[in-house]
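Below are the chains, spelled out letter by letter.
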Amino acid sequence: APGNADYRKTQIETLAWLADALEYNGQIDDALARREQQIGILDGLLREARIVPVYRRREMVANRAAGRLYATRGDLAEGLRHLQAATKLGQELYRIEPDNADWAGLAAFAQLDRAAVELAAGDLAGAGSSTGAGCDSARRLVQRDDSVSEWRFRLGIGCLGMRQRLAMAAGAHDTARSFADQAARLARAEAAAKQTADVRFGLAGAELLRGLAASAAGDRPGASEAFRAAASAWPGGASLKPSSAAQQVLILEGLGRKDKAEALAAKLAEMGYRHPIYLRDRREIRRGVR
């Protein structure tokens, strides 16, 4: 029954869950295929009913996920195309209902994902603009309600991390280290309040940012201290999605544990994980610990 709209709506949700499960399991190409299938169904529904916010929201989420997956595979052009579509959909939703915090939060995450791909492609101006848009939205959301961890913590770390990377790309090492220190303080405060695996992953990621900034500035003792802090924060026994495994590779490289880093990196390569920022970070850390 290909014309049954109710069946298609159910399939959209099923494909989203399946894509997430495949991505977490390291089946990146299969996850991407499911996201493209989901976007195709949504495109058809939106042609039949142009302005339906719930479909727009789902298409924004699907395009953001597809863009992230393409970037993970190293295809920046396709990644950027999907993330541009996601941010455009976010702007449309904002015009429809500017007070909807759910849409604003999703759009802010899409802007930061877009900024990362633009940075990886060497478009510093575009990355700066996307970072500014995402971080402005994050700031407004936290001002509205600072009790929401998704906005205060995840968006906060994401904004500081992108600002740090932009500063590093510009050679502003002191500024980069300041942003990394702010991210670490934010993560430590969150970890003091709750010790969930997600928070500990966030803390480890923030300490990793400190290590990257110190390494880029030529401060080997500072970098070593930060990488040790990242390793201490890492949640033991937690299952790893590919992006978390990539962070672990970087931490292991920073600690000089090359054999373990190589073994885990080989598994990521077998999955097809080759995000250019991860690859660049790894090269920079290896250069710094020589």
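Nothing here was measured: the structure is a model prediction, and the numbers come from that model. (Residues numbered from 1 in each chain as written. Predicted model: local features only at pLDDT ≥ 70, side-chain atom pairs only at ≥ 80, totals over all residues. Heavy atoms only, no water.)

### Let's talk about the nonpolar core
So the rule is basically this: Here the nonpolar core consists of buried residues drawn from Ala, Val, Leu, Ile, Met, Phe, Trp, Tyr and Cys, with membership extended through side-chain atoms lying within 4.5 Å. The buried label goes to any residue with under 20% of its type's maximum accessible area, the exposed label to any with over 50%, and the partly exposed label to all in between, with areas taken from a 1.4 Å probe on protein chains only. Secondary structure counts use DSSP, requiring at least four H or I residues in a row for a helix and at least two E residues in a row for a strand, with both numbered from the N terminus. When checking whether two residues touch, look at their non-hydrogen atoms; a contact exists if any pair is within 4.5 Å.
Among the nonpolar cores identified, the biggest contains 51 residues, and V249, L268 and Y278 are the most heavily contacted of them. By residue number, the principal contributor to this core is helix α9 (residues 197-216), which donates 10 residues. Not counting residues up to four positions away in its chain, the partners in contact with L268 are P242, A245, A246, V249, Y273 and Y278. Counting 17 residues, the second largest nonpolar core, distinct from the first, contains C135, M162, L166 and I277.

### Some words on the packing of aromatic side chains
For clarity, the threshold we go by: The rule is short: rings of Phe, Tyr and Trp, with Trp giving its six-membered ring, pair when the centres are within 6.5 Å, and they are stacked under 30 degrees, edge-to-face over 60, tilted in between.
In this structure the tally under the stated criterion is 2 aromatic pairs. With 5.0 Å between their ring centres and 80 degrees between their planes, F201 and W234 make a pair best called edge-to-face. Pair noted here: F201 is in helix α9 and W234 is in the loop between α10 (220-233) and α11 (242-254), with a separation of 33 residues, a long-range link. For F201, a relative accessible area of 14% translates into the label buried. For W234, a relative accessible area of 14% translates into the label buried.

### Quick look at the packing of α11 against helix α12 (residues 258-271)
Threshold: Axes here refer to lines fitted to C-alpha atoms; in helices the fit is confined to the stretch in contact. Angles between the N-to-C directions go from 0 to 180 degrees. Geometric relationships in this document are graded by angle, where less than 35 degrees denotes roughly parallel, more than 145 denotes roughly antiparallel, 65 to 115 denotes roughly perpendicular, and other angles denote oblique. In a left-handed crossing the near helix is turned counterclockwise from the far helix by less than a right angle, and in a right-handed crossing that turn is clockwise. Only Asp, Glu, Lys and Arg are considered charged, only Ala, Val, Leu, Ile, Met, Phe, Trp, Tyr, Cys and Pro nonpolar, and every remaining residue, Gly among them, polar.
α12 packs onto α11 with a crossing angle of 155 degrees between their chain directions and a minimal axis gap of 8 Å. On the basis of the axis angle, α11 is roughly antiparallel to α12. Like other packed secondary-structure pairs, α11 and α12 cross with a definite hand, here left-handed. Every residue of α12 that contacts α11 at P242, A245, A246, Q248, V249, L252 and E253 is listed here: K258, K260, A261, L264, A265, L268 and M271. For the contact of α11 with α12, the per-class residue count stands at 10 nonpolar, 1 polar and 3 charged.

### Description of the layout of surface pockets
This is how the line gets drawn: Note on definitions: the grid is 1 Å and covers protein atoms alone; a cavity is a set of points where a 1.4 Å probe fits but cannot get out; a pocket is an open set with protein on both sides within 12 Å along at least five of seven lines; lining residues have an atom within 4 Å of a point. Grid points are joined across faces, edges and corners, and a volume is the space filled by probe spheres set on the points.
Within this model, the second largest pocket holds a volume of roughly 370 Å³. Elements represented by at least two residues in the lining of the second largest pocket include exactly α4 (76-96), α5 (101-120) and α6 (124-144). Residue classes in the lining of the second largest pocket are distributed as 9 nonpolar, 6 polar and 4 charged.

### Quick word on the environment of I39
In this structure, I39 sits in helix α2 (residues 28-48). Residues I39 and G256, 217 residues apart in the sequence, show an inter-C-alpha distance of 42 Å. Each residue touching I39, except ones within four places of it in the same chain, is listed here: E59, A62, N63, A66 and H82.

### A closer look at the side chain of E118
Going by this rule: Any N or O atom pair separated by 3.5 Å or less is treated as a polar contact, with the protein-specific requirement of one donor-capable and one acceptor-capable atom, and with residues adjacent in sequence counted only for side-chain atom pairs.
Within the secondary structure layout, E118 lies in helix α5. Looking at E118, its side chain comes within polar contact range of the main-chain nitrogen of A127, at 3.3 Å. Each residue touching E118, except ones within four places of it in the same chain, is listed here: L80, D123, G126, A127 and S130.

### Topic: the environment of R81
Mapping R81 onto the fold places it in helix α4. Once the C-alpha coordinates of R81 and Y70 are considered, the two residues, 11 residues apart in sequence, prove to be 9.7 Å apart. A distance of 3.4 Å separates a polar atom in the side chain of R81 from a polar atom in the side chain of H82.

### Brief notes about the pattern of salt bridges
Note the threshold: Definition used for salt bridges: Asp or Glu carboxyl oxygen within 4 Å of a side-chain nitrogen of Lys or Arg.
Taken as a whole and assessed by the stated rule, the structure comprises 24 salt bridges. Across the pair R56 and E92 runs a salt bridge, and its minimum N-O distance is 3.0 Å. With R56 in helix α3 (residues 53-72) and E92 in helix α4, this residue pair connects regions lying 36 residues apart in the sequence. Between R139 and D136 there is a salt bridge whose closest N-O contact spans 3.8 Å. Of this pair, R139 and D136 both sit in helix α6, separated by 3 residues, roughly a single helical turn.

### What about the state of the cysteines?
Keep this limit in mind: To count as a disulfide, a pair of cysteine sulfur atoms needs to be within 2.5 Å.
Applying the stated rule across the entire model yields 1 disulfide. Paired by a disulfide, C135 and C159 hold their sulfur atoms 2.5 Å apart. On the sign convention where negative means left-handed, the S-S torsion of about -125 degrees between C135 and C159 marks this disulfide as left-handed. Remark: C159 occurs in helix α7 (residues 149-169) and C135 occurs in helix α6; sequence separation between them is 24 residues. The class of C159 is buried, set by a relative accessible area of 5%.

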